[in-house]
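If you want the building blocks of each chain, they are given just below.
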Amino acid sequence: MLDVPGRRAVAAGLGRMVEVNTLMDDEGNLAQQIDSEGFRYRFNGSELPWSLIVG
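What this report covers is the structure whose coordinates are included nearby. (Residues numbered from 1 in each chain as written. Predicted model: local features only at pLDDT ≥ 70, side-chain atom pairs only at ≥ 80, totals over all residues. Heavy atoms only, no water.)

Examining the layout of surface pockets
- Approximately 220 Å³ is the volume found for the largest pocket.
- What lines the largest pocket is a set of 11 residues, and nearest its centre among them are Thr22, Leu23, Met24, Asp25 and Leu52.
- Elements with a contribution of two residues or more to the lining of the largest pocket: strand E3 (22-24), strand E5 (40-43) and strand E6 (49-51).
- In terms of residue count, E3 provides more of the lining of the largest pocket than any other element does, three residues in total.
- In the lining of the largest pocket, the residues fall into seven nonpolar, two polar and two charged. (1 Å grid on protein atoms, 1.4 Å probe; cavity = no way out; pocket = protein on both sides within 12 Å on 5 of 7 lines; lining within 4 Å. Points joined across faces, edges and corners; volume = space filled by probe spheres on them. Helix = DSSP H or I, 4+ residues; strand = E, 2+ residues; numbered from the N terminus. Nonpolar A, V, L, I, M, F, W, Y, C, P; charged D, E, K, R; others polar.)

Put into structure tokens, the structure is as follows:
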């Protein structure tokens, strides 16, 4: 997934990369970040925004 555009950061102690401005669903559709905080995304062809919830 390193060819997907976006900012990446290593999660402390986990050694994993975290994508913060592009999301992908189970079918491979990409959603782009639409806010400056990194919690709202929109899929191409959709007018509905999606919120990222991290728990």
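Now that the structure has been shown, the text picks up again.
Some thoughts on the environment of Leu30
- As for its placement among the helices and strands, Leu30 is situated in strand E4 (residues 30-33).
- By relative accessible area, Leu30 is classed as partly exposed at 32%.
- Counting along the chain gives 14 residues from Leu30 to Asn44, while the straight-line C-alpha distance between them is 7.1 Å.
- Ignoring anything within four residues of it in the chain, the contact list for Leu30 reads Thr22, Leu23, Met24, Arg42, Phe43 and Asn44. (Buried < 20%, exposed > 50% of the residue type's maximum accessible area, 1.4 Å probe, protein only. Contact = heavy atoms within 4.5 Å.)

Quick look at the pairing of E4
- Relative to E4, E3 runs antiparallel, the two being bridged by three bridges. Each residue of the ladder has a partner; that of Thr22, found in E4, is Gln32.
- In terms of strand pairing, E4 meets E5 through three bridges, oriented antiparallel. Residue Gln33 lies in a different strand from E5, and its bridge partner there is Tyr41.
- Here E4 folds back onto E5 in antiparallel fashion, the turn holding six residues, of which Gly38 has a positive phi close to 90°. (Pairing = 2+ DSSP bridges.)

Section: the pairing of E5
- Judged by which residues are buried, E5 turns out to be one-sided: Tyr41 and Phe43 face inward and are buried, whereas Arg40 and Arg42, on the alternate face, are not.
- Pairing analysis gives three bridges linking E5 to E6, with the strands arranged antiparallel. Bridged to Arg42 within E6 is Pro49.
- As consecutive antiparallel partners, E5 and E6 are separated by five residues, and within that stretch Gly45 has a phi angle of approximately 85°, a positive value.

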